[in-house]
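In case you want the letters, here they are:
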Amino acid sequence: MLAFPRNSDPLLIAALALWAGAAVAAPPERVVSMNLCTDQLAMLLADPGQLVSISNLALDPLSSAMVDEARAYPINRGGAEQIYLMDPDLVLAGTYTARASVDLLRGLGIEVVQLPPADRLEDVAAHMRQIGAALGHPERGEAMARAFEADLAALGHTGPAATAAMYYPNGYTAGSGTLSDQILSLTGFRNVGAEAGLTGGGILPLERLVMAEPQVVVTSTPYPGASRSEEILAHPALRQLRDGAAQAHVRDADWVCGTPHLLNAIRTMADARAGLDVAP
Amino acid sequence: MTLRITALVLLSLLVALLFLASLLIGPAALGLKQSIGALLSGEGGPVALVMQEIRLPRALLGLLVGAVLGLSGAAMQGFLRNPLAEPGLVGVSSSAALGAVLSLQTGLAASFALALPLSALAGAALAVLLVLFMAGPHGGALALILAGIAISALAGALTSLVLNLSPNPFAVMEIVYWMMGSLADRSMTHVWLALPFMILGCGLLLATGRGLDALTLGEDAARSMGVDLARLRLLIVLGTASAVGASVAVAGAVGFVGLVMPHLLRPLVGGRPSHLLPLAALGGAAMVLAADIAVRLIAPDQDLKLGVLTALVGAPFFLHLLWRMRGVEA
């Protein structure tokens with residue numbers, strides 16, 4: 001279960017080879033990233049001066065794991081006009097973000113590489129290779145991916161599984177087929193959200209969370225400014241549940257993207273699982 | 001007389017049944033004996049937690065919110081002698097929502113516990129004063145409704161503006177909640193926060209009964225019977241603001257309850273406001289409890305808003321009233 005097949009997808013290999021070939025021919029000189037996850041991978045993999053601008057989300061300490069590094073870059077807000085005026089020869093974007101802007105930029109003749117969200121741990125290493133290749137540094141992407149895979153293999157848990165639930169504003173949770181679900185099972189947990197029958201993300205009513213009595217509850221840090229969506233995280237029933245359960249203090253920013261920072265999140269969960277074995 | 005007593009008994013019975021149903025219906029499938037036992041004893045681990053901390057506050061708030069809305073509607077209709085007056089329609093609820101949102105977003109609500117209901121109360125009071133001023137002692141239904149539309153639109157727009165400007169990415173998604181109302185995931189904290197203001201408001205509104213009775217004969221007749229109209233107005237303003245403000249602060253703005261219930265029940269009491277007030281409170285409680293049960297049965301995992309269901313019943317009813325009044329007004 002821990003041995004992830006590397007490059008199992010022949011199409012992906014072909015695509016990587018193509019990218020690598022193109023990159024050797026002409027590495028992009030002005031790269032603009034407009035997605036939180038490509039921001040972070042590009043900051044880690046680009047040459048100094050090669051990355052011209054990153055998205056404003058990279059400065060949000062609750063979503064971005066690299067706020068300090070991000071301060072060195074000019075910020076864009078994802079609008080096609082702003083990005084076009086930066087005169088990029090490569091734009092990095094997510095597949096879900098600002099579709100209209102991406103279409104417009106492509107129409108203007110700019111090359112756009114779109115990265116889908118990482119839904120599985122296998123995607124993470126593939127994304128590192130993909131962005132490395134797109135930036136003209138396939139060897140850096142490959143090294144980062146190999147390091148990630150090696151660290152991942154060392155973090156697996158064997159033995160009986162404990163129960164855990166991810167719980168976010170509005171009662172949102174991660175079901176089966178999500179990166180969070182895979183991290184939970186890797187680190188020795190059964191995901192309450194998946195066992196409740198949820199696929200992908202979805203709403204788990206507070207009542208059902210309480211009835212499932214998870215041993216670990218992972219919640220997010222509230223944003224500044226009040227919202228009723230986040231009030232559920234301070235509900236007395238959830239508080240009592242968490243008093244009885246073990247706590248896992250994770251940084252949301254580490255969970256959001258498939259970057260090396262994801263290992264921090266996985267380590268936290270592995271530690272939480274090990275803690276349960278010590279004090280059952 | 002006997003019809004009124006019968007109606008009081010039957011409505012109380014209905015409210016009690018709906019309250020029980022509200023306790024027993026939820027996404028977690030719990031047995032009847034098990035859940036009632038856990039509710040009363042507090043033993044039974046997660047079942048007790050679900051019953052005491054999640055379902056009990058929800059049922060209590062449904063009862064309270066419905067009662068104050070029905071009561072406020074009946075009192076406003078009696079005072080304005082206008083069947084279209086209702087906290088939701090004339091903008092009192094949306095102004096209370098604006099007050100609540102302002103105190104939440106400025107951080108005032110976090111600084112001391114009562115700031116949230118007090119701000120909602122202030123918003124509601126401003127709107128009641130404005131409506132009374134605009135509709136005036138001799139203002140017709142048209143003036144009242146138009147003033148209400150203007151106040152609702154303004155308060156709604158300002159609420160959206162404040163939520164849009166919030167640094168919290170979830171705040172903007174809550175515009176619907178403040179305009180439609182919901183009882184999902186409320187806790188006993190919310191009950192304790194709203195209860196004192198609701199009791200105060202209900203007390204003030206129930207005290208208007210005799211004055212409202214006299215007012216049905218006209219202002220001059222009421223005055224000659226020794227009714228202090230200024231005092232009556234003050235009771236209506238403070239009572240409505242306190243009751244509706246507290247209700248909106250914890251459950252959002254639920255519309256049409258105060259419109260429908262007084263109308264349905266008025267024939268049972270011969271149009272006598274003092275007798276209508278307690279009936280309208282019971283009717284409102286039954287309507288909101290039923291709507292909140294329906295919300296959970298129709299879309300258990302979706303947090304369908306309460307106001308959607310009350311509007312489905314209330315809006316056609318409102319149109320029907322307008323249709324009937326057409327001849328009278330023109």
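As the structure is a prediction and not an experimental result, all values here were calculated from the model.

J.: Help me get a handle on the interface of chain A and chain B, residues and values and all.
T.: Opposite the 25 residues of chain A that make contact, chain B presents 32 residues. Taken together, the two surfaces of chain A and chain B that pack against each other cover about 2,400 Å², and 61% of this comes from carbon and sulfur. When residues of chain A are sorted by the area they lose upon contact with chain B, A:E207, A:M211 and A:R228 head the list and together hold 31% of the total. In this structure, the connection of chain A to chain B is made through two salt bridges. Across the pair A:E207 and B:R55 runs a salt bridge whose closest N-O atoms are separated by 2.7 Å. Where chain A packs against chain B, one counts 10 residue pairs in polar contact (both at pLDDT 80 or more). For the side of chain A that touches chain B, the secondary structure elements donating two or more residues are α10 (206–212), α11 (228–231) and α12 (236–244) of chain A. Per element, the largest residue contribution to the side of chain A that touches chain B is five residues, and it comes from α10(A). Residues belonging to the side of chain A that touches chain B are distributed by class as follows: 13 nonpolar, six polar and six charged.

J.: Please set out the sheet that holds strand β2 (residues 51–55) of chain A residue by residue, giving values where relevant.
T.: Pairing between sheet strands relies on hydrogen bonds along the backbone, with the strands arranged either parallel or antiparallel. Residue and element names in this part refer to chain A. In spatial order, the strands read β3-β2-β1-β4-β5; together these five strands make up an open sheet with parallel pairing. At either end of the open sheet lies a strand with only one pairing partner, and these are β3 (75–76) and β5 (112–115). Bridge count between strand β4 (residues 90–94) and β5: four bridges; the pairing is parallel. Bridge pairing links A93 to Q114 in β5.

J.: Requested: an account of empty space enclosed by the protein, with residues and values cited.
T.: Summed over the entire model, instances satisfying the criterion amount to one cavity of 30 Å³ or more. Counted as a void, the largest cavity has a volume near 30 Å³. In terms of lining, the largest cavity is formed by A:A226, A:S227, B:V101, B:L104, B:Q105, B:L163, B:E174 and B:W178. Considering each element in turn, the lining of the largest cavity owes the most residues, three residues, to helix α4 (residues 92–105) of chain B. Class assignment of the residues belonging to the lining of the largest cavity gives a composition of five nonpolar, two polar and one charged.

J.: Any details on the pattern of salt bridges? Residues and values, ideally.
T.: Residues and elements named next belong to chain A. Evaluation of the coordinates by the stated rule reveals 17 salt bridges over all chains. In this structure, R120 engages D123 in a salt bridge whose closest nitrogen and oxygen atoms are separated by 3.8 Å. Given a relative accessible area of 18%, D123 falls into the buried group. The residue E142 makes a salt bridge to R129 at a minimum N-O spacing of 2.7 Å. Pair noted here: E142 is in helix α7 (residues 138–154) and R129 is in helix α6 (residues 121–134), with a separation of 13 residues, a long-range link. Where salt bridges share partners, they join R129, E142, R146 and E149 into one cluster.

J.: I'd love a proper account of the environment of B:V65, names of residues and values included.
T.: Residues and elements named next belong to chain B. Mapped onto the elements of the fold, V65 is located in helix α3 (residues 46–80). When its relative accessible area of 0% is taken as the criterion, V65 is described as buried. Considered as a pair, V65 and S247 are 182 residues apart in the sequence and their alpha carbons are 5.4 Å apart. Other than its neighbours up to four places away in sequence, V65 contacts M198, S247 and A251.

Conventions and cut-offs
- What you see as residue numbers is a count from 1 along each chain, following the sequence as written.
- The order in which chains are written sets their letters, starting at A; the order in which ligands are written sets their numbers, starting at 1.
- Only residues with pLDDT of at least 70 get local features here, since the model is predicted, and only at 80 or more are side-chain atom pairs given and counted; chain-wide, interface and lining totals rely on the full set of residues.
- Side-chain figures throughout are based on the complete set of non-hydrogen atoms in the structure, without hydrogens or water.
- When checking whether two residues touch, look at their non-hydrogen atoms; a contact exists if any pair is within 4.5 Å.
- For any pair of parts, buried area is found by adding up, for both, the accessible area (1.4 Å probe) each one loses once the two are put together.
- Salt bridge, as used here, is a side-chain nitrogen of Lys or Arg placed within 4 Å of a carboxyl oxygen of Asp or Glu.
- Under this definition, polar contacts are N or O atom pairs within 3.5 Å; protein pairs additionally need one hydrogen-donor-capable and one acceptor-capable atom, and for neighbouring residues in sequence, both atoms have to be side-chain atoms.
- Comment: elements are numbered from the N terminus, with helices defined as DSSP H or I runs of at least four residues and strands as E runs of at least two.
- Gly is put with the polar residues, along with every residue not named as nonpolar or charged; the nonpolar set is Ala, Val, Leu, Ile, Met, Phe, Trp, Tyr, Cys and Pro, and the charged set is Asp, Glu, Lys and Arg.
- One bridge is not enough; two strands pair if DSSP finds at least two bridges between them.
- A 1.4 Å probe that fits into a set of points on a 1 Å grid over the protein atoms alone but cannot get out defines a cavity; an open set with protein on both sides within 12 Å along at least five of seven lines defines a pocket, and lining residues are those with an atom within 4 Å of a point.
- Grid points are joined across faces, edges and corners, and a volume is the space filled by probe spheres set on the points.
- Residue burial is assigned from relative accessible area. The probe radius is 1.4 Å, only protein chains are included, and a residue is buried under 20% of its type maximum, exposed over 50%, and partly exposed in between.

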